[in-house]
Amino acid sequence: MGANPASDNFINHTKMGEKMDRDKFLIELNGIETDGKTVTELYNEISALAMKYGCADIKVNRNERRASYFSIEYLIGRSFYNNLMELGVLDDVKAVLAEKGVDINIFEEIEDAALGNGGLGRLAACFLDSAAGTGIPLDGYGIRYKYGLFKQKIESGFQVELPDDWQRFGDPWSIRRENEKTEIKFADMTVTAVPYDMPVFGKRVNTLRLYQAEGSKEAEKISEYLYPADDTEEGKLLRLRQEYFFSAAAINDLCKRYVKAHGPQFKNFDKFNVIQLNDTHPVIAIAEFIRVLTSEYNVTFTSALKIAKRTFAYTNHTVMPEALECWKEEQMEKILPDISDIIKCISVIQDRELNGMLCSDEEIAEMAVYKHGVFNMANLAVYVCKSVNGVAKLHTEILKSELFKTAYEYYPKKFNNKTNGVTHRRWLELCNGELAAMLDKYIGNGWRRDMTEIGELNGKTEQAAADFQVVKQTKKSQLIKYINEREGTDIADNMLVYAQVKRLHEYKRQLMTAFAILEIYNGLKDGTIRDFYPSVFIFGAKSAPSYKRAKAIIKFINEIAAKVNGDKQTNKLLKVVFVTDYNVSYAEKIVAGADVSLQVSTVGTEASGTGNMKFMMNGAVTCGTMDGANIEIVERAGEENNYIFGARVEEIEKLNKEGYEPVKLLEDPAIKAAVNSLIDGTFTDGGTGGFKDLYDSLTIGASWHKPDNYFVLTDLQPYVQTLLKINSDYKGSNSFAVKQLKNIANSAYFSSDRTIKEYADDIWFK
Ligand code: 26V
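Keep in mind that this is a model prediction, so the values were computed, not measured.

## Quick look at the confidence of the model for the protein chain
Item 1. For the protein chain, per-residue confidence averages 95 on the pLDDT scale, and 97% of positions sit at 70 or higher.
Item 2. The secondary structure element of the protein chain with the lowest average pLDDT is helix 1 (residues 21-31), at 92, and the one with the highest is strand 19 (residues 535-540), at 99.
Item 3. Here residues 1-7 is modelled with pLDDT under 50, and outside its nearest four sequence neighbours on either side it reaches 16 contacts, counting other chains as well.
Item 4. Between residues 11-17, whose pLDDT stays under 50, and residues either more than four places distant or in other chains, the model counts 40 contacts.

And the structure:
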C-alpha cells in the first residue's frame, strides 16, 4: 500500500488534475517498470500511486456538517478506470502505458467489487460518486464482505453459483484503519469491527468506510458473505447480526467523532450530522444510537429519541412485502436484548403519542414499531425519521396511498420523493467514450461537469443522427464481439439489440420477454411475421440462490436460446443470448451497445429502476410499462420517442378487484403455444419440475400468490406488438436514431448529481 494519508476521512481535496500533483504522478508513473510484471502487480502499483497523489493534502474539518449514508450494499464495480477518470488522469495513464507497450484494457481482467445485489447497491455507489463529484460532504458506511455477489456459471442452462473472491487481486483502493477498530457486542459474542476506508474521488474526496468483522470464527462469518441464505433460522440471525454490526460500528464512529470535536453534549449532534438510511436494513441504527446516548453519555431516553428524530432520514426501496425487514422478538432477544428493550420503549412512547393524536386502534396497529412479538423496522423508520422518501414519483405515491397510508395521514410532512439517478460519469463518459466525444462535438464538453447542458442536444438531433448511428454501431460491434468471445455465440454485429439486464425476479417479468420471443419465433417460422429486421435479445441476470422459480426462468431462457439460435430457418433473423455473470462491468458494455431497453415490470412493482436511466443516457429507447421511473423517462423524452405498453395502475386495480382469470387468456392460440411450451415437451427442465411450477404459477397460483400474480398474460400480446412495432420503426432509419438522441438529450434529470442535490437541499443541509 503506497498511500498513508491522515488517519481520518479523505476530505477537502480538489481534483488532482487541477493541481501540480498530476505532473509528479506522471513522472512516477513513467518510472514504473512494466516488463515482466503480471496484470495484478501492475494494477496494484498504479492504483497505489493514484492513491498516494489522489489522497494527498487532506485536511479534516470537524466543524463541517456531514451526511452519512448507511447501506448494507455498495455495488461498486471496477474502481480502476473510474478513479483515474475522476482524478483527471485516465488519458495520461493510457498514453504512458501505451508508450510502454501496455494496453490499458488489460485491467479489465481485474474483477469488480460486487458488494451488492442490484439497483439498491448500485444506487449507493452512484450517490457517493455524485456527492464527491459535486462537492457534497457525504460519507458511506457499510460492510466489507469477503465474498461479494456470487459469480455465475451456466451449466446445461442452469445457474451455478461460485464464491466471488474479489480481494484476490488485492485491494489497493482501501486503507485499513488499524487504530480505529471498535468492539461490537452481541449477547453471545463480541466482534471487532475494523474499518477499511475507500476514497471517493471528485471535486472533493469523500470516504466509503466498510467494516470487516474480526475475532472468533463465528465473529468473522458476519462479514463473510453478502446476503447469506436466509431460508434457515441461522441465516436469518446472521443477517440481523450483519445489520447491527455495521450500523453499530458506524454510530460508534459518528458519536466518537462528535464528542472529540464538540464534547459530550449531544443536543447539537444533528447540527453536524444527518444519517440517511438506505432501505430498512440499517434502521436498527436508530435503536443503537439511543442505546449509546443513554448508556454511555447519560442522555435521557426522551432526549435521545428527540435527537434521533432530528438526525435520521429513511429511503424506502421496495413495496414488496417479503422484502420489508421484520424481526421476531425471540430473534432480537437472543442476540441483541438491549436493542429489543429500546425498541419496546420506543413502542410505548409511540403508543402514547398516537393515542394523544386520537388514532384508532387499527391505525395504531398499522403504524406500530412493535406488535404481537414482531419488530417492524420500516414502521420504526417511518415513526422516528424526519424524512421518508420513495425513489420515483409513482413509488412515493404508492408509499403514501398504500404501504404507509396511515402514517402519511398523521405525518404528511415527512414524506417526499427523490427520483433516483445514475452517475453520468461512469454511465456515459466512462462507458461510452465515443458518444461522449460526439456530444462534445455538438454541444461542447460542459455536460461532463453539468449534465443539464446535455439538453442543448435537443435542437441538434436531426443534425447528429448520422453520427450517432456510427457511434451506436461502434459500441454495438464492441459489445457483440465481447459477447461472442465470452459466451461462444456467433451473433452478427448489425442486428437490432433488445436488452433486459437486471436481477431475476418474477415481478420484472423476464418470463414475459421469453414468451414474447417464442411468439416472434413461431411467427417467423409460420410466416405470419414478415419483414422482420434481424434482432438479438440479450438477457443478463442473477437469481437469488434459493429462489427456485427465478432459476427455472433462467433455464427456460437458455432452452429458448438453444432452440432459436440453432434453427437455420430463422437464426439469421433472430438470436437470443443469456450472458453469464452479468455485473457492473458487463452492464457498462451492454447499455452502450443496445438499441432497446426492456423495462417491463408489472405496474406498481418496480420502485424506480436505474438500468432504465443508464440505457436512456446511451441512446436506447425504452420499451416498457408505465412503472417506476419509466413514467418520468417518457415524461421527459416523450412517449413518441419511446414504446409504452401494458396495463396501467387502474386496470391492474380493476382486475384485482373484479377477479382476474389468466386461464381465459390461454384461449388465444399464440399465448397458448408460448405458455404450453413449458409443459408440452418442447423444452426440458432436466427433470427438476421447475417448468411445471412456472406453469402452475401462471394458471393456478403458487406459494401464497394468486394465479399469474404479475399479470404476464395480460400484458403479453401488447408486448409482442410493441416489440414488432419497434422492429419495423428501426430498419436502420434516421428517425429511429432521432428518437434515441431525444432520449440522450433529455436524460439530464436522471443524473444522480441532480438526485444528490435534492437530498442535500431538501433533507441534509436545509
Ligand atoms: C428484494 C427482495 C428479496 C426477497 C424477495 C423479494 C424481493 C423483492 C424486492 C427486493 C428489493 C429490495 C430493495 C431493492 O433492491 N430495491 C431496488 O432499489 C432500486 C434503487 O432504488 C430501485 O431502482 C429498484 O426499483 C428497487 O427494486
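## A look at the packing of aromatic side chains
Item 1. Tallied over the entire structure, the rule returns 33 aromatic pairs.
Item 2. Each ring, one from Tyr258 and one from Phe266, has its centre 5.1 Å from the other, and the planes form 35°; the classification is tilted. Accessibility assignment for this pair places Tyr258 and Phe266 in one class, buried.
Item 3. Relative to Phe556, the ring of Phe515 lies with its centre 5.8 Å away and its plane at 70°, an arrangement referred to as edge-to-face. Residue Phe515 is found in helix 20 (residues 510-526), and its partner Phe556 is found in helix 21 (residues 548-566); the two are separated by 41 residues along the sequence.

## A short note on the pattern of salt bridges
A side chain of one charge can pair with a side chain of the opposite charge if their charged atoms are brought near each other.
Item 1. Summed over all chains, the structure comprises 59 salt bridges.
Item 2. Note that Arg291 is salt-bridged to Glu288, the shortest N-O span being 2.9 Å. With Arg291 and Glu288 both in helix 9 (residues 284-296), this residue pair falls three residues apart, about one helical turn.
Item 3. We classify Glu288 as buried; its relative accessible area is 3%.
Item 4. Each of Arg177, Glu180, Asp197, Arg209, Asp253 and Arg257 takes part in one network of salt bridges that share partners.

## Observations concerning a negative patch on the surface
Item 1. On the surface, Asp351, Asp361, Glu362 and Glu366 cluster together to form a negatively charged patch.
Item 2. Counting residues per element, the negative patch draws most heavily on helix 13 (residues 361-367), which supplies three residues.
Item 3. With respect to the helices and strands, Asp361 occurs in helix 13.

The rules behind these values
- Residues numbered from 1 in each chain as written.
- Predicted model: local features only at pLDDT ≥ 70, side-chain atom pairs only at ≥ 80, totals over all residues.
- Heavy atoms only, no water.
- pLDDT = per-residue confidence, 0-100.
- Helix = DSSP H or I, 4+ residues; strand = E, 2+ residues; numbered from the N terminus.
- Contact = heavy atoms within 4.5 Å.
- Phe/Tyr/Trp six-rings, centres within 6.5 Å; stacked < 30°, edge-to-face > 60°.
- Buried < 20%, exposed > 50% of the residue type's maximum accessible area, 1.4 Å probe, protein only.
- Salt bridge = Lys/Arg side-chain N within 4 Å of Asp/Glu carboxyl O.
- Patch = residues over 30% accessible without salt bridge, like charges linked within 9 Å, V, L, I, M, F, W, Y side chains within 5 Å.
- Areas by Shrake-Rupley, 256 points an atom, 1.4 Å probe, with all protein chains shown as cover.
- Lys, Arg positive; Asp, Glu negative; His and termini not counted.
- Charge placed at Lys NZ, Arg CZ, Asp CG, Glu CD.

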